[in-house]
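# Coordinate analysis (summary)
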Amino acid sequence: MKFIDLNTLNRWVDKILAYPGITHEELTLRKDYWMGGVFALLLISGLTLGFRITYPEFKILISYGLFMTFIFLLYPVAGLFVHRNLDGMMFVNQMLMIIGTFFFILKLGGVIHSGGLIFIGLFVILNSLTFHNKKKTLWLFSVYIVTLILVWLLDPHLTVAPEMTHRANVFLFIFNLVWISAMTLTFILNLISQLATLEQKEAKRLKEWDKTKTKLYTNITHEFRTPLTVILGMTELIRNKPDKWLLKGTRKIDHNGSILLNLVNQMLDLSKLEAGAMSVGKIQGDIISYLKYLIESFHSLAENKNIRLCFRPHTDHLVMDCDPEKLMQIISNLITNAIKYSKPGGKVEILTLQTGIEEQRFEIQVRDHGVGILAEHLPHIFDRFYRVESSNRFIPGMSGTGLGLALTREIIKLLGGTISVESIFGQGTKFTVSLPVTHNAPLMEQLALAGPEKSFSALFPAYDDEKEMAAVPTEQTDKPLLLIVEDSRDVVDYLTALLEPEFRIQVAVNGREGLEKTLQLGPDIILSDIMMPEMDGIELLDKVKNDMRTSHIPVVILTAKADIASRLAGLERGADAYIAKPFHRKELVIQLKKFVRLREKLQERYANIGHLKPSKDKSFSLEDSFIQKIREFMLRNIEEEEFSIKKLCHEVAMSRAQLYRKFKSLTNKTISAYFQSLRLHKAKEYLTTSDMNVSEVASLTGFKSQAHFSRAFTRLFGINPSKIKG
Ligand code: ADP
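So, here is what we can say about the structure in this document. Predicted model only: the values in this text are computed from it and were never measured.

## Observations concerning the overall build of the chain
Along the chain, the regular secondary structure elements total 27 helices and twelve strands. Relative to its 726 residues, the chain shows a buried fraction of 46%. Expressed as a percentage of contacts within the chain between residues at least 6 apart in sequence, the contacts between residues at least 24 apart total 69%. Roughly 38,800 Å² of accessible area belongs to the chain as shown, and the carbon and sulfur atoms make up 60% of that amount.

Written as structure tokens, this is what we have:
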């Protein structure tokens with residue numbers, strides 16, 4: 001039977017030692033001290049009692065035992081009532097211990113006859129090192145030194161207590177040394193293990209910080225590089241063809257410059273907030289009219305995306321303190337996010353409420369019916385640089401840094417408010433901002449601010465040249481067909497201008513569309529971004545390279561994500577090249593042309609009717625097996641005059657158009673020309689290696705008319721088949 005249930009005991013101790021607001025660490029520390037005190041109490045009182053029974057003549061030592069019992073009784077009992085000032089309580093206790101021990105040393109006859117009680121002060125000081133306030137340790141140490149000096153000065157006047165015989169003195173000396181050294185060792189071991197845990201924690205924190213930093217660099221570089229690519233590219237275009245590009249190009253430079261400025265401002269604001277250097281400029285005015293004014297300026301933005309924007313205030317006017325600039329930042333971020341993460345045709349609502357009686361609060365709710373946020377991401381969306389990549393997959397052209405909400409929350413905190421979020425994945429999101437209603441600031445007629453549009457219009461460009469963009473030239477020429485897969489319209493625009501002279505160009509705005517267009521058009525080369533909504537560049541690359549129908553198409557990855565990891569990921573999956581934004585115009589053109597030339601080399605390899613030489617290059621394996629499959633099919637059907645293309649399509653699991661396109665791109669020959677050539681080569685082989693005559697060979701290789709066979713044979717080999725037979 002168990003007398004003590006340790007769990008129950010533990011819970012009981014927790015309960016009596018806890019106080020409202022205590023942290024887990026504090027409670028553990030308190031419990032350690034308290035349990036130590038209880039243990040010492042039991043030990044000392046037990047020893048004193050034992051001594052009293054067996055050696056009643058040791059009067060002074062028994063009194064010392066009773067004194068220590070009192071001290072250790074005081075300690076756990078007081079511990080139950082003293083809450084936050086644990087250090088203070090321990091200090092009083094330890095000071096009593098040093099001074100009390102000093103008197104007993106005097107009574108016993110001085111330091112030499114104290115049975116080692118002089119060392120108790122040392123232990124006390126060591127123990128006090130756990131105090132948060134190191135001054136207390138210094139105090140204890142000073143008092144201890146004073147007692148030592150006093151013991152020394154008073155020594156000539158002391159008389160040795162009769163109970164302190166030599167044997168008793170030596171025994172007590174050893175006894176005290178044993179327990180003091182045991183406790184000191186435990187203390188030091190404990191300290192070392194705490195240091196190790198601390199080190200581990202620090203290492204973990206550093207690792208996490210490292211991860212955040214990498215994420216930051218990746219996001220920030222992407223955000224900086226894309227606009228920079230456009231700006232640098234556009235300046236070059238303007239320089240080369242000012243008449244064509246001056247207007248359009250400067251507009252794009254302006255727009256991309258604003259994006260960069262906005263980004264830098266956000267980062268500066270965050271660091272200002274962090275350093276406590278952001279000031280609040282409150283004025284008193286009608287917050288409802290101001291919100292109306294702010295929201296008004298988002299209408300065109302919402303309309304652009306075919307989203308309805310509704311403002312439903314709970315009242316017509318509410319005069320309160322407010323920092324118009326900060327409120328604009330908050331509202332801009334929430335509404336732009338709501339629009340950004342909504343699908344066209346959706347609705348964004350802004351509602352206001354007033355809550356609380358004694359302490360009035362003003363609430364602004366921004367609701368959307370967009371993509372929503374998964375529950376697992378919700379606790380993190382206010383973290384700096386946190387972005388839910390999956391929700392961003394649905395939003396073409398809208399990347400972000402994950403800074404917006406972090407900044408918004410900090411600003412709201414600065415205003416004494418709170419922000420919360422509720423969301424159902426796939427259904428929508430609701431952000432609620434709650435601000436205190438106060439009336440202390442100077443009264444203003446109207447809360448107004450100069451043009452809020454500037455700060456967010458940058459993020460949502462009005463594309464008046466959108467139609468122009470969509471009409472990418474697709475005229476049929478001999479130029480190779482290039483498919484650009486990129487979600488930033490500005491970058492597409494720039495690339496088109498750049499590559500138009502060399503390529504026919506098609507555009508897809510994300511990986512999914514890129515894949516569709518690849519299957520449908522069979523481009524000669526693909527140029528794709530990595531970070532894109534719906535399907536990213538790496539996934540597209542994977543699909544293209546592992547599909548027999550498209551595996552031969554070179555893919556060049558063009559991205560701002562220039563870190564090593566994604567570079568490797570791209571190359572491992574078979575990207576043919578990797579170009580980082582902002583790229584050099586010439587480098588890009590040269591790389592792309594190189595692939596076109598490479599294709600010509602590939603054609604040489606496959607146009608050859610003879611056996612394929614096995615290649616060391618792994619990237620040929622899929623193409624080799626494709627050609628091999630077709631060859632084998634043709635050889636199996638070589639006697640048939642009419643070649644069934646339908647059966648061949650079935651054999652390689654491709655549509656007729658896809659098969660023709662891929663075959664032509666690999667061999668630069670049509671299927672029938674290749675088959676004809678294959679028949680004739682086979683015929684030549686039969687003629688040279690067997691006894692068959694020309695008409696037999698002709699019929700065996702699918703030529704019903706011998707005359708036709710002879711003509712084709714002579715055209716290809718420059719010699720009449722009958723001559724070979726001689
Ligand atoms: P950014 O939009 O630049 O990525 P934010 O800090 O504004 O950064 O938002 C952080 C993340 O929270 C976003 O990446 C997005 O996934 C998510 N989020 C914010 N607002 C919404 C919303 N209204 N609907 C769905 N997701 C949202």
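## Here's the deal with helix 20 (residues 585–607)
Taking 1.5 Å of rise per residue, 23 residues should cover 33 Å, and helix 20 covers 33 Å from first to last C-alpha, within 8% of that figure. Listed in full, the buried residues belonging to helix 20 are Leu588, Val589, Gln591, Leu592, Phe595, Val596, Leu602, Gln603, Arg605 and Tyr606.

## A closer look at the sheet that holds strand 9 (residues 504–508)
Judged by pairing direction, the sheet is parallel, and its five strands sit side by side in the order 9-8-10-11-12 without closing on themselves. The outermost strands of the open sheet, each flanked by one partner alone, are strand 9 and strand 12 (577–580). Here the strands of the sheet are splayed against their neighbours by 20 degrees on average, with no regard to which way each runs. Looking at chain direction, strand 10 (residues 525–528) and strand 11 (residues 555–559) are connected through three bridges and run parallel.

## Some remarks on the packing of helix 24 (residues 671–689) against helix 26 (residues 706–717)
Running from N to C, helix 24 and helix 26 cross one another at 95 degrees; their axes reach a closest spacing of 10 Å. Considering the angle they form, helix 24 stands roughly perpendicular to helix 26. Only His708, Phe709, Ala712, Phe713, Leu716 and Phe717 of helix 26 make contact with helix 24, whose side of the interface consists of Gln676, Ser677, Leu680, His681, Ala683, Lys684 and Leu687. When grouped by side-chain class, the residues that make up the contact of helix 24 with helix 26 number eight nonpolar, four polar and one charged.

## Quick notes on unusual backbone geometry
Note: most peptide bonds trans; most residues except glycine with negative phi. You will see that Asn306, though not glycine, has its phi angle at about 60 degrees, which is positive. Along the chain, Asn306 falls in the loop between helix 10 (299–304) and strand 2 (308–312). By relative accessible area, which is 54% here, Asn306 ends up exposed.

## Let's talk about the sheet that holds strand 4 (residues 347–355)
Here five strands make up an open sheet; going across it, the order is 2-4-5-7-6 and the pairing mixed. Edge strands, defined here as strands with exactly one partner in the open sheet, are strand 2 and strand 6 (418–424). Taking the axes of each pair of neighbouring strands and ignoring which way they run, one obtains an average angle of 15 degrees across the sheet. Here strand 2 pairs with strand 4 via five bridges, running parallel. When the bridges of strand 4 are listed, Cys310 appears paired with Glu349.

## Describing the nonpolar core
What tends to happen in soluble globular proteins is that the nonpolar side chains get buried as a cluster. One finds Leu327, Ile335, Ile350 and Phe362 to be the most contacted residues of the largest nonpolar core, which totals 48 residues. When residues of this core are assigned to their parent elements, the largest contribution, eight residues, is made by helix 11 (residues 324–340). Other than its neighbours up to four places away in sequence, Phe362 contacts Ile287, Ile288, Leu291, His314, Leu318, Met320, Thr352, Leu353, Val433, Ser434, Leu435 and Val437.

## Some points on the environment of Gly46
Note on placement: Gly46 falls in helix 2 (residues 24–54). Separated by 23 residues in the primary sequence, Gly46 and Thr69 have C-alpha atoms spaced 9.3 Å apart.

## Structural notes on the environment of Thr355
Following the sequence through the fold, Thr355 ends up in strand 4. Considering only alpha carbons, one finds Thr355 and Val437, 82 residues apart in sequence, at a separation of 9.6 Å. Beyond its immediate stretch of four places on either side in the chain, Thr355 contacts Gln360, Arg361 and Glu363.

## A closer look at the packing of aromatic side chains
Evaluation of the coordinates by the stated rule reveals 16 aromatic pairs. Each ring, one from Phe382 and one from Phe431, has its centre 6.1 Å from the other, and the planes form 85 degrees; the classification is edge-to-face. Here the residue Phe382 occupies a position in the loop between strand 5 (361–368) and helix 12 (389–392), and Phe431 occupies one in strand 7 (residues 428–436), the gap between them amounting to 49 residues. Comparing Phe382 with Phe431 shows no difference in burial state: the two are buried. With centroids separated by 5.1 Å and ring planes inclined at 85 degrees, the aromatic side chains of Phe663 and Tyr674 adopt a geometry described as edge-to-face. Of this pair, Phe663 sits in helix 23 (residues 656–667) while Tyr674 sits in helix 24, placing them eleven residues apart in sequence. With relative accessibility at 0%, the residue Phe663 sits in the buried group. Among the aromatic residues, those joined into a cluster by ring pairs are Phe703, Phe709, Phe713 and Phe717. The lysine or arginine in question, Lys594, covers the ring of Phe595, its NZ or CZ lying 5.6 Å from the ring centre. Above the face of the Phe626 ring, Lys662 is positioned so that its terminal group lies 4.9 Å from the ring centre.

## So, the pattern of salt bridges
A complete count under the given rule lists 15 salt bridges for this structure. Among the ionic pairs, Lys252 bridges to Asp490, the shortest N-O distance being 3.1 Å. One end of the pair, Lys252, is in helix 8 (residues 242–274); the other, Asp490, is in helix 16 (residues 489–499), and 238 residues separate them in sequence. Residue Lys252 is classed as buried on the basis of its relative accessible area of 5%. For Asp490, a relative accessible area of 3% gives the class buried. The partner of Arg549 in a salt bridge is Asp547, with the nearest N and O atoms 2.8 Å apart. Connected through shared salt-bridge partners, Lys252, Asp490 and Asp493 make up one network.

## So, the pairing of strand 6
Because side chains alternate across strand 6, one face comprises the buried residues Ile419, Val421 and Ser423, and the other comprises Thr418, Ser420, Glu422 and Ile424, none of which is buried. The antiparallel hairpin formed by strand 6 and strand 7 contains three residues in its connecting segment, where Gly426 sits at a positive phi of about 85 degrees.

Parameters at a glance
Residues numbered from 1 in each chain as written. Predicted model: local features only at pLDDT ≥ 70, side-chain atom pairs only at ≥ 80, totals over all residues. Heavy atoms only, no water. Helix = DSSP H or I, 4+ residues; strand = E, 2+ residues; numbered from the N terminus. Buried < 20%, exposed > 50% of the residue type's maximum accessible area, 1.4 Å probe, protein only. Contact = heavy atoms within 4.5 Å. Areas by Shrake-Rupley, 256 points an atom, 1.4 Å probe, with all protein chains shown as cover. Expected span 1.5 Å × (residues − 1). Pairing = 2+ DSSP bridges. Axes fitted to C-alpha atoms, helices over the stretch in contact; angles between N-to-C directions. Parallel < 35°, antiparallel > 145°, perpendicular 65-115°, else oblique. Nonpolar A, V, L, I, M, F, W, Y, C, P; charged D, E, K, R; others polar. Core = buried A, V, L, I, M, F, W, Y, C linked by side-chain atoms within 4.5 Å. Phe/Tyr/Trp six-rings, centres within 6.5 Å; stacked < 30°, edge-to-face > 60°. Lys NZ or Arg CZ within 6 Å of the ring centre and 35° of its normal. Salt bridge = Lys/Arg side-chain N within 4 Å of Asp/Glu carboxyl O.

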